[in-house]
Amino acid sequence: MFDKKRLELIIEKPAFKRACRILEGCGVTGYSALPCMAGFSLGESGNGRRWQRGTDISASGDMVLIISIMDVALIDAVTQKLEVLIGMHIGVLSVSDVQVIRKDKF
Amino acid sequence: MFDKKRLELIIEKPAFKRACRILEGCGVTGYSALPCMAGFSLGESGNGRRWQRGTDISASGDMVLIISIMDVALIDAVTQKLEVLIGMHIGVLSVSDVQVIRKDKF
Amino acid sequence: MFDKKRLELIIEKPAFKRACRILEGCGVTGYSALPCMAGFSLGESGNGRRWQRGTDISASGDMVLIISIMDVALIDAVTQKLEVLIGMHIGVLSVSDVQVIRKDKF
Amino acid sequence: MSLDLALSTLLSPIVLFFVLGLIAALLRSQMTVPEAFAKGLALYLMMAIGLKGGVEMSKAVLGPDFIFLALIALILSFGLPFLAYLALRLTSGMDRINAAATAGHYGSISIVTYVAATQALQLAGISTSGYMVAIAAVMEVPAIMSALMLARKGLKEKGAIGEGAIGSERGELVREVMLNASVVVLVGALLIGWITGEAGMEKISPFFVDPFQGVLCLFLLDMGLSAGRGLRQGWRDLNVGALGFGVYMPLISAMIACGFCYVLNISAGNAALLITLAASASYIAVPAAMRLALPQAQPSIYLTLSLGVTFPFNLTLGIPLYILLGQWITGL
Amino acid sequence: MSLDLALSTLLSPIVLFFVLGLIAALLRSQMTVPEAFAKGLALYLMMAIGLKGGVEMSKAVLGPDFIFLALIALILSFGLPFLAYLALRLTSGMDRINAAATAGHYGSISIVTYVAATQALQLAGISTSGYMVAIAAVMEVPAIMSALMLARKGLKEKGAIGEGAIGSERGELVREVMLNASVVVLVGALLIGWITGEAGMEKISPFFVDPFQGVLCLFLLDMGLSAGRGLRQGWRDLNVGALGFGVYMPLISAMIACGFCYVLNISAGNAALLITLAASASYIAVPAAMRLALPQAQPSIYLTLSLGVTFPFNLTLGIPLYILLGQWITGL
Amino acid sequence: MSLDLALSTLLSPIVLFFVLGLIAALLRSQMTVPEAFAKGLALYLMMAIGLKGGVEMSKAVLGPDFIFLALIALILSFGLPFLAYLALRLTSGMDRINAAATAGHYGSISIVTYVAATQALQLAGISTSGYMVAIAAVMEVPAIMSALMLARKGLKEKGAIGEGAIGSERGELVREVMLNASVVVLVGALLIGWITGEAGMEKISPFFVDPFQGVLCLFLLDMGLSAGRGLRQGWRDLNVGALGFGVYMPLISAMIACGFCYVLNISAGNAALLITLAASASYIAVPAAMRLALPQAQPSIYLTLSLGVTFPFNLTLGIPLYILLGQWITGL
Ligand SMILES: Nc1ncnc2c1ncn2[C@@H]1O[C@H](COP(=O)(O)O)[C@@H](O)[C@H]1O
Ligand SMILES: Nc1ncnc2c1ncn2[C@@H]1O[C@H](COP(=O)(O)O)[C@@H](O)[C@H]1O
Ligand SMILES: Nc1ncnc2c1ncn2[C@@H]1O[C@H](COP(=O)(O)O)[C@@H](O)[C@H]1O
Ligand code: NA
Ligand code: NA
Ligand code: NA
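Since the structure is predicted, the reported quantities are computational estimates derived from the model, not experimental observations. (Residues numbered from 1 in each chain as written. Chains lettered and ligands numbered in written order. Predicted model: local features only at pLDDT ≥ 70, side-chain atom pairs only at ≥ 80, totals over all residues. Heavy atoms only, no water.)

Structural notes on the coordination of the sodium ion (ligand 4)
Here the sodium ion (ligand 4) is held by Y106(D) (O), S108(D) (O), L277(D) (O), A278(D) (O) and S280(D) (O), and the distances to it run 2.4 to 3.0 Å. The motif formed by the donor residues of the sodium ion (ligand 4), counted along the single chain, is Y-x1-S-x168-L-A-x1-S. (Donors = N, O, S within 2.8 Å, 3.2 Å for Na, K, Ca; no water.)

Shown next, in the form of structure tokens:
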């Protein structure tokens, strides 16, 4: 098995396509997106804010989870570019280690 | 990048709000929930039971996946509290290591 | 906490049941499936192909994300069997380390 | 005449679409009705039922008859679970907690069974009162309380009482149970129908009245699929005693409701509906409440029984029988 | 007569179902209308509105009256945000970016408010022109441009201008705004209604005309749930000045529209509709555009105001008032 | 007259909504019909078609004519893929496996194209038989078997035959193909319509008959969006030979069906429908089966051709042509 990186980005739906464009621009070999149904953020005020799908008819508050498995060499460039995006948009980014079987697929 | 913990809790929908309350009570800075569409559990009898969304009109059998990125210092308290919950409710809990870019966000 | 493996398989819907059968056949104690809503793959031509739920009425292009937490002893057999499947079907497989609280559950 | 009734019920498009779904699921067809669509239809059906009932109620004066009937309905919903619990414990060897949860389902009601009965009665030319919808709403919730009372002993045995679930979250439980979607929509639409009356109904009847039966067909196709899949996955968890319970319990409930009807001296149509309500078992409101209040109980047991066994039985054989019972008891 | 109008609006099934949803959400019922189902209904409503308007337009010749009205509508949609921005900055202490985003919502329109007004007018026996749907479509988008212009100063202050979002992705933004679902469906259906005319409509009216009011009931139940949930979660982010804005801004917009109506000398029904459009605030097209173009603005502010405060106000008290205003101004 | 027919088909609301969706997708509007809603509508349409056909069948006696027609249909569905395969291999240079999978789609049918043809025939005052729905159902599946036979050679070349997919899981494949949703619902509703007849239909026709055309408009809006998006994403994978196939193959199929119609001596309406069925290509049942049985084939090829090229062609130009063909061949 080969070591790769797994990027997980939780981002608001209106910025979804921007995130995709960034990922594609960085040359990742693929990604998958899943719809979130609810979420919570403590926020700076410490007040706490919950959201839930269906609360907002414009669906502009919905979040999307994007998973992308990529080469270790790529991860720094990708996170740097995405950092700018989640500076503007609501989002959460994390990276972890994974093993894959097909080395050249990613 | 900074080391954090990623908690992944798969829990039945009726207990979803309880799980959220526990997470919020422990002071996590946020979480996201995603709807599951199917699942399988071998069970104690070794018989194996599959479920699928849409099989049960009350939707009380549906499962939800909750992801929460949190500080390493928090993870023990959170898992302990959630352990009680999944003692009562159907659920699966796992923890892994992740790296993030914004240290204070989590 | 005990060390286990977390398998994440992103696979096209028509092969979903096959993947489940393989997992069950290997003796995993459970899995959960989540619906994807969009995805991208660079492909061999380097052309890049996006898909999105709702683009295809037959829904045969939809992808499903399967998560299964399992014992370290099991992971090799499972990935080997799944490798054959994703040789034929569209899919992405990755494995990572996780910690769980209930040792015997997995 | 009774055979006629049974046949015309069995061969109505509604029942036939249910059977179609059932067969498709048992043959393991991959066909599904999208969940969001089915839930939208369920909402439509409850609104339509509530509105129709409300308009009927706005035309008549609600006398003491109604109050008595509502009281009886309350007693039935609250009381039947105790009987069901006993029956389950005696015949199926089910443990306390599962028996209590299952029993709760049989005190509460199935609104689709109710609707199917009103359709069959209409076909047979037997009139019913609009306020019966209110009676149905009354019977939704009390059974849940009985189930929780019945489960106390089992929980004590397991040492599970006093834990978070039942202790601090009672408020949430009460709110979710009292304000569950079917109660809110049914009672809300009933009130709206009552307030706006015939005049308000006129403009919305092309949506809520005319297509009603057709929508029911589509919904019952989905119910058939659900019942069939539930049955296929769950029957292994049930022994003969439990499976039998799914058929004889509705009959016991029907007989008891019969007795009350005799005492109350109500019309044949209303009697048939009350009997049907008593004999029907919940598969929406109660399972959701049980996962919240009694997570230790197994859904595969109570859902299989209520949706996989009792619902098909009532829809096909039960309803004609309950109509005959209603006619017979009021003719005595 | 004015009291009559208010009462018949308030007690129409449409408004009552909205109130039912609102109450259910405020009481924290878990009830929901499945999202996919609600969006499907929204689509249906927009198609039906567009078709009806198009058929009406196919019967009459569009004269200079229509052109003038469309021009006024454009001015209103483009201009009102500037006023709203001023009002917000003066009374609520909101920062520049949030004020700009919120202001944009009040220049654009709510198609459901528009429909509710047409229903109330029909009930009151006041006739309106089919082309008013086109006027509504005209007012959807310009306000978004005003919001972006208003936000420039705030963005410059923050040093955020010139960044990717506003720079290179302008093309995408323009496309998403001009081709958002409501504009496409509304304008498309309008054209189709116009092309096929009365003859084409005949075959599809059992679906698009007869059940329309009933579908609206179901949809408003969902809107009530959304408004209630939005209000419960968002009111903490709003001070009294901001909350007040949600009520007085529609009234200001209504007065200004009134002035234009007087100048244009249009019919009472059309005047009532134009006033309603001016007074209504967007909660579908504009929020989606704002998340794209002004991600720094907080949805909890603008959505709570537009959906949680202004929409309920317009639906209940606003519409009767706007109808009276329309009658009064054309009677002068 | 033929121009009239073409024009009235092209300007019917159904086709116009399809074109609206197509344009919106090609302009990259973000508009969507929620998937669950669209699938619910598809279910409704199939139930309605089946029921109507069944009721018609219950009125007449099915003679040997029907049996012969069904046989011809079987032969067409089974045989056309072989022709399609040849054509693809000769003109487009597609590899064996993709050619086989694509060919399968053209033997099977598109039920929406069928419905659009019945609507156009009705408009033109040409009568058809109810049992044609059964003929459509007969043609759904056989083509899949042909595709698998055609693919064998390609699989052998690749050394992929004998692997799990085709070996041990044959049972599942057969079940999924024979019991796919469209076959189950179509055949099931047909039987139900047949059993309950005119009497049973009466109560459900306000749902299944009156709004049918309107629902079709909404559904075709979604089809237009799908076709447009498929086309935009998939055309790059297709060369001119392949794209041309999407237009000339339906014409070849139509000519062959024409020949059979001449031999069978059936009515002009039925001939038009059989020709349409032969000329239409599947985009629901067959792609799903192909992902299961021939995962090596590329969906972007066969779906783009069937949904993005052939369906729009048939809906707009094809249907009027097939109707004329039907009239011409039966007039010989
Ligand atoms: N590197 C990746 N990370 C996550 N998902 C991927 C990745 N590559 C492909 N996918 C998913 O798998 C689908 C098919 O990819 P492929 O197997 O490359 O054709 C894509 O549409 C994505 O949903
Ligand atoms: N620590 C976290 N772990 C997982 N998801 C989070 C976390 N923090 C925020 N989110 C998600 O991101 C959304 C917006 O959070 P924020 O960026 O803090 O406003 C929330 O509603 C959650 O869905
Ligand atoms: N090992 C596992 N990995 C992932 N999901 C699991 C696992 N075990 C159980 N699940 C999920 O949890 C549900 C209930 O499992 P259980 O708690 O074993 O009854 C299943 O239907 C799955 O959705
Ligand atoms: Na009962
Ligand atoms: Na406005
Ligand atoms: Na064909």
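Alright, that's what it looks like, and here's the rest.
A short note on the pairing of strand β6 (residues 91-100) of chain C
Regular strands place their side chains on alternate faces of the sheet. Residue and element names in this part refer to chain C. Most of β6 sits out of view: 9 of its 10 residues are buried. Pairing analysis gives 10 bridges linking strand β1 (residues 2-12) to β6, with the strands arranged antiparallel. By the bridge assignment for β6, F2 is matched with V100. (Buried < 20%, exposed > 50% of the residue type's maximum accessible area, 1.4 Å probe, protein only. Helix = DSSP H or I, 4+ residues; strand = E, 2+ residues; numbered from the N terminus. Pairing = 2+ DSSP bridges.)

Regarding the coordination of the sodium ion (ligand 6)
All names here are of chain F. For the sodium ion (ligand 6), the full set of protein donor atoms is Y106 (O), S108 (O), L277 (O), A278 (O) and S280 (O), at a range of 2.4 to 3.0 Å. Every donor residue of the sodium ion (ligand 6) comes from the same chain, spaced as Y-x1-S-x168-L-A-x1-S. Taken together, the positions of Y106 in helix α5 (residues 96-107) and S280 in the loop between α13 (268-279) and α14 (285-293) put the pair 174 residues apart, joining distant regions of the chain. There is no split in this pair, since Y106 and S280 are both buried.

Concerning the relation of the copies chain B and chain C
Mapping chain B onto chain C calls for a rotation angle of 120° and an axial translation of 0.0 Å; the resulting RMSD is 0.0 Å. What the rotation and shift describe, once combined, is the action of a three-fold rotation axis. (Least-squares fit on C-alpha atoms with pLDDT ≥ 70 in both.)

Overview of the relation of the copies chain C and chain A
Superposition of the two copies of the chain requires a rotation about an axis and a shift along the axis. At an RMSD of 0.0 Å, chain C and chain A line up after a rotation of 120° and a shift of 0.0 Å along the axis. Little of the interface of chain C is mirrored in chain A: 12% of its interface residues are interface residues there too. (Contact = heavy atoms within 4.5 Å.)

What to know about the site of ligand 3
Looking at ligand 3, there are 18 residues lining it, with S41(B), W51(B), S32(C), I69(C) and K105(C) nearest. The environment around ligand 3 is built from residues contributed by chains B and C. For ligand 3, an oxygen atom lies 3.5 Å from a polar atom in the backbone of F40(B). One of the side-chain N or O atoms of K105(C) is found 2.3 Å from an oxygen atom in ligand 3. In isolation ligand 3 offers 490 Å² of accessible surface; the protein chains occlude 89% of this area. At the level of elements, β3 (38-41) and β6 (91-100) of chain B together with β2 (30-35) and β5 (63-70) of chain C are the ones that each hand at least two residues to the shell around ligand 3. Within the shell around ligand 3, the residues separate by chemical class into 10 nonpolar, 7 polar and 1 charged. (Near = heavy atom within 4 Å. Polar contact = N/O pair within 3.5 Å; in protein donor to acceptor, adjacent residues only side chain to side chain. Areas by Shrake-Rupley, 256 points an atom, 1.4 Å probe, with all protein chains shown as cover. Nonpolar A, V, L, I, M, F, W, Y, C, P; charged D, E, K, R; others polar.)

Quick notes on the interface of chain B and chain C
Taken together, the 25 residues of chain B in the interface contact 24 residues of chain C. With both chains or domains summed, chain B and chain C bury close to 2000 Å², and 61% of this area falls on carbon and sulfur atoms. Three residues, M37(B), F40(B) and V95(B), lead the burial of chain B against chain C; their summed loss comes to 27% of the area buried on that side. For the interface between chain B and chain C, the tally reads 2 salt bridges. Between the two partners, chain B and chain C, sit 8 residue pairs in polar contact (both at pLDDT 80 or more). (Buried area = accessible area lost by both parts, 1.4 Å probe. Salt bridge = Lys/Arg side-chain N within 4 Å of Asp/Glu carboxyl O.)

Some words on unusual backbone geometry
Residues and elements named next belong to chain E. Although it is not a glycine, R28 sits at a positive phi angle of roughly 60°. Relative to the helices and strands, R28 resides in the loop between α2 (13-26) and α3 (35-59). Classification of R28 as partly exposed rests on a relative accessible area of 43%.

Quick word on the site of ligand 1
Within the structure, ligand 1 sits among 18 residues, and S32(A), I69(A), K105(A), S41(C) and W51(C) are positioned closest to it. Positioned at a junction of chains, ligand 1 has nearby residues supplied by chains A and C. Within the contact set of ligand 1, a nitrogen atom lies 3.3 Å away from a backbone nitrogen or oxygen of G30(A). Here S41(C) contributes a side-chain N or O atom positioned 2.5 Å from an oxygen atom of ligand 1. Among the secondary structure elements, those contributing two or more residues to the shell around ligand 1 are β2 (30-35) and β5 (63-70) of chain A together with β3 (38-41) and β6 of chain C. Residue composition of the shell around ligand 1, by class: 10 nonpolar, 7 polar and 1 charged.

Let's talk about the confidence of the model for chain D
With 97% of its residues at a pLDDT of 70 or more, chain D has an overall mean of 91. pLDDT under 50 marks residues 162-168 of chain D. Its contacts with residues more than four places away, or in other chains, come to 6 contacts. (pLDDT = per-residue confidence, 0-100.)

Details of the side chain of N98(D)
Residues and elements named next belong to chain D. Looking at where N98 falls in the secondary structure, it is placed in helix α5 (residues 96-107). Using a relative accessible area of 4% as the deciding quantity, one classes N98 as buried. Within polar-contact distance, the side chain of N98 engages the side chain of D95 at 2.8 Å. Those residues in contact with N98, other than ones at most four positions away along the chain, are A297, Q298 and I301.

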